[in-house]
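Residues per chain, in single letters:
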Number of protein chains: 2
Amino acid sequence: MARLKRLVLERLMRYYRYIVSVPEMRGAKTVTSAQIAGALDIDPTQVRKDFGAIGLLGMGRVGFGVCEVCTAIRRVLGFDERLEAVVVGAGHLGGALVAYERFTQYGLHIVAAFDSDKRKAGRRVGGLLVQPTRALTPYVRRHKIRLAILTTPPEVAQKVADRLVAAGVTAIWNFAPTRLTVPSEVMVRNEQIALGLSEISYHLAEQAREKQG
Amino acid sequence: MARLKRLVLERLMRYYRYIVSVPEMRGAKTVTSAQIAGALDIDPTQVRKDFGAIGLLGMGRVGFGVCEVCTAIRRVLGFDERLEAVVVGAGHLGGALVAYERFTQYGLHIVAAFDSDKRKAGRRVGGLLVQPTRALTPYVRRHKIRLAILTTPPEVAQKVADRLVAAGVTAIWNFAPTRLTVPSEVMVRNEQIALGLSEISYHLAEQAREKQG
DNA sequence: TAGATTGTTAATCGATTAACAATC
DNA sequence: TAGATTGTTAATCGATTAACAATC
């Protein structure tokens with residue numbers, strides 16, 4: 001099976017969420033590409049192509065088996081495997097991620113939180129005791145942690161990333177607004193929340209300009 | 001000037017951040033498209049095109065004036081205008097956004113927070129007193145709020161959105177994992193953080209599969 | 001069977017990159 | 001002037017959509 005691209009993966013996630021959580025899906029045995037596409041504002045052909053890419057075959061006149069779809073997506077995206085992650089940077093955002101229970105639906109478990117701030121270390125964040133940064137490397141090594149969630153200030157993000165990589169992490173979910181330099185075998189997913197502001201701010205500014213003249 | 005697309009706006013945001021915050025930019029009078037492109041891993045032609053789209057003209061052999069670039073981006077994206085927003089849903093994520101001070105750099109000021117949970121209403125979140133949801137509509141009306149940041153659970157997101165629209169909001173920054181149905185003149189930006197997990201989880205699952213067989 | 005839905009190939013669309021003359 | 005950098009047109013690349021025979 002060819003390596004799936006980012007856009008495909010994100011759509012698979014959306015299909016999965018639709019199928020497992022939308023009320024009209026409750027109890028349904030089958031689902032058509034048109035149903036999913038309509039709900040998610042996607043082209044039905046796209047849905048069938050994505051399903052085809054992960055080996056899902058539909059049935060003419062009926063659609064796809066709900067169970068098969070769920071199972072296939074879970075398997076491909078790895079939701080059945082327990083995935084343990086550490087959070088580095090126990091500020092507001094880090095705390096929000098630790099507290100977000102829905103991640104466990106996808107197999108993700110945040111098992112430790114770290115912060116360099118001595119006032120934060122020792123405090124509790126969403127059920128986790130925040131540890132000082134010097135405990136990071138040994139923890140990652142001992143527990144064979146593969147994923148780190150980075151929510152530090154941008155100034156220290158690269159330094160932390162270097163330590164994480166040295167400790168053996170192979171994926172970083174980066175919420176700091178900086179590009180990270182890492183070896184090619186380490187995967188970085190950048191989550192730049194502030195980028196959304198560009199679209200919103202522009203839209204509102206345009207609106208104001210149109211109103212004026 | 002033609003309406004700018006989402007990808008262009010996001011790149012403009014990244015150019016802006018690079019220019020105002022990266023150390024090697026300190027004191028520089030000019031910057032070339034190659035410099036920016038190199039730092040952000042973008043094609044230099046793209047940078048020049050984007051600059052051209054907002055009316056920026058470079059100088060042969062020299063590049064672009066740092067000041068001009070900043071000013072132009074700020075003006076186009078509307079960062080010079082004060083933009084007031086309310087947060088609805090004062091949970092961990094809502095709190096994190098309220099506490100995020102860097103937004104003011106872009107003209108965004110979160111001026112009020114609301115939550116339907118009676119235990120949360122009355123508490124402080126990042127300097128703001130959380131108000132009960134019944135205060136939402138009057139507040140938005142009175143202060144002519146145009147932007148709402150939605151961080152409620154997905155189940156109530158649509159209902160809240162309806163109220164916000166009725167109260168006069170024209171843009172919604174939606175962090176709830178649901179598609180919202182709103183009138184066409186209202187802009188919705190979806191920030192689906194969990195989508196990133198699909199890419200990470202897949203990558204790590206693939207890695208494990210490769211190792212096994 | 002008739003008809004809705006699939007899987008797949010071809011056509012379209014848009015975004016990115018390459019090429020290069022014009023410029024300072 | 002020589003050479004680095006721009007602005008713009010053309011070529012490429014990839015993703016999305018349309019068309020339609022095959023299927024149950």
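Only a predicted model underlies this, so the values are computations on that prediction, with no experimental measurement involved. (Residues numbered from 1 in each chain as written. Chains lettered and ligands numbered in written order. Predicted model: local features only at pLDDT ≥ 70, side-chain atom pairs only at ≥ 80, totals over all residues. Heavy atoms only, no water.)

Some points on the relation of the copies chain B and chain A
Line of reasoning, step 1. Once turned by 180 degrees and shifted 0.0 Å along the axis, chain B lies on chain A with an RMSD of 0.0 Å. Taken together, the rotation and translation relating the two chain copies correspond to the operation of a two-fold axis. (Least-squares fit on C-alpha atoms with pLDDT ≥ 70 in both.)

Here's the deal with the packing of helix H1 (residues 6-21) of chain A against helix H2 (residues 33-40) of chain A
Each pair of packed helices can be described by the angle between their axes along with the distance between the axes.
Residue and element names in this part refer to chain A.
Line of reasoning, step 1. Contact geometry for H1 and H2: axes closest at 11 Å, N-to-C directions at 100 degrees. In terms of their interaxial angle, H1 and H2 are classed as roughly perpendicular. The segment H1 lies against H2, with Arg-14, Tyr-15, Tyr-18 and Ile-19 engaging Gln-35, Ile-36, Ala-39 and Leu-40.
Line of reasoning, step 2. Looking at side-chain class alone, the contact of H1 with H2 contains six nonpolar, one polar and one charged residues. (Axes fitted to C-alpha atoms, helices over the stretch in contact; angles between N-to-C directions. Helix = DSSP H or I, 4+ residues; strand = E, 2+ residues; numbered from the N terminus. Parallel < 35°, antiparallel > 145°, perpendicular 65-115°, else oblique. Contact = heavy atoms within 4.5 Å. Nonpolar A, V, L, I, M, F, W, Y, C, P; charged D, E, K, R; others polar.)

Brief notes about the protein's contact with DNA strand D
Line of reasoning, step 1. In the vicinity of DNA strand D there are 23 residues, among which A:Lys49, B:Ser33, B:Arg48, B:Gly58 and B:Arg61 approach most closely.
Line of reasoning, step 2. Taken together, the sugar and phosphate atoms account for 54% of what DNA strand D places within 4 Å of the protein.
Line of reasoning, step 3. Separating a phosphate oxygen of DNA strand D from a side-chain N or O atom of A:Lys5 is a distance of 3.4 Å.
Line of reasoning, step 4. Within the side chain of B:Arg48, an N or O atom sits 2.8 Å from a base nitrogen of DNA strand D.
Line of reasoning, step 5. Only H1 and helix H3 (44-53) of chain A together with helix H3 (44-53) of chain B provide two or more residues apiece to the surface near DNA strand D. (Near = heavy atom within 4 Å. Polar contact = N/O pair within 3.5 Å; in protein donor to acceptor, adjacent residues only side chain to side chain.)

Some words on the interface of chain B and chain A
Line of reasoning, step 1. Residue-level contacts link 62 residues of chain B with 62 residues of chain A.
Line of reasoning, step 2. In total, about 5,500 Å² of surface goes out of reach between chain B and chain A, with carbon and sulfur atoms giving 64% of it.
Line of reasoning, step 3. On the chain B side of the contact with chain A, B:Leu197, B:Glu199 and B:Tyr202 bury the most area, a combined 12% of that side's loss.
Line of reasoning, step 4. On the surface where chain B and chain A come into contact, there are six salt bridges.
Line of reasoning, step 5. Where B:Arg3 meets A:Glu210, a salt bridge forms, and the shortest distance between an N and an O atom there is 3.1 Å.
Line of reasoning, step 6. The interface formed by chain B and chain A includes 20 residue pairs in polar contact (both at pLDDT 80 or more).
Line of reasoning, step 7. For the side of chain B that touches chain A, the secondary structure elements donating two or more residues are helix H1 (6-21), helix H2 (33-40), helix H4 (66-77), helix H5 (92-99), helix H7 (154-167), strand E8 (171-174), strand E9 (187-190) and helix H8 (195-212) of chain B. (Buried area = accessible area lost by both parts, 1.4 Å probe. Salt bridge = Lys/Arg side-chain N within 4 Å of Asp/Glu carboxyl O.)

Things to note about the protein's contact with DNA strand C
Line of reasoning, step 1. Taken together, 23 residues sit near DNA strand C, with A:Ser33, A:Arg48, A:Gly58, A:Arg61 and B:Gln46 positioned nearest.
Line of reasoning, step 2. Among atoms of DNA strand C positioned within 4 Å of the protein, sugar and phosphate together represent 54%.
Line of reasoning, step 3. Between a phosphate oxygen of DNA strand C and a side-chain N or O atom of B:Lys5, the distance comes to 3.4 Å.
Line of reasoning, step 4. For DNA strand C, a base oxygen lies 3.0 Å from a polar atom in the side chain of B:Lys49.
Line of reasoning, step 5. Only H3 of chain A together with H1 and H3 of chain B provide two or more residues apiece to the surface near DNA strand C.
Line of reasoning, step 6. In terms of residue class, the surface near DNA strand C is made up of six nonpolar, nine polar and eight charged.

By themselves, these are just geometric observations and shouldn't be taken as functional.
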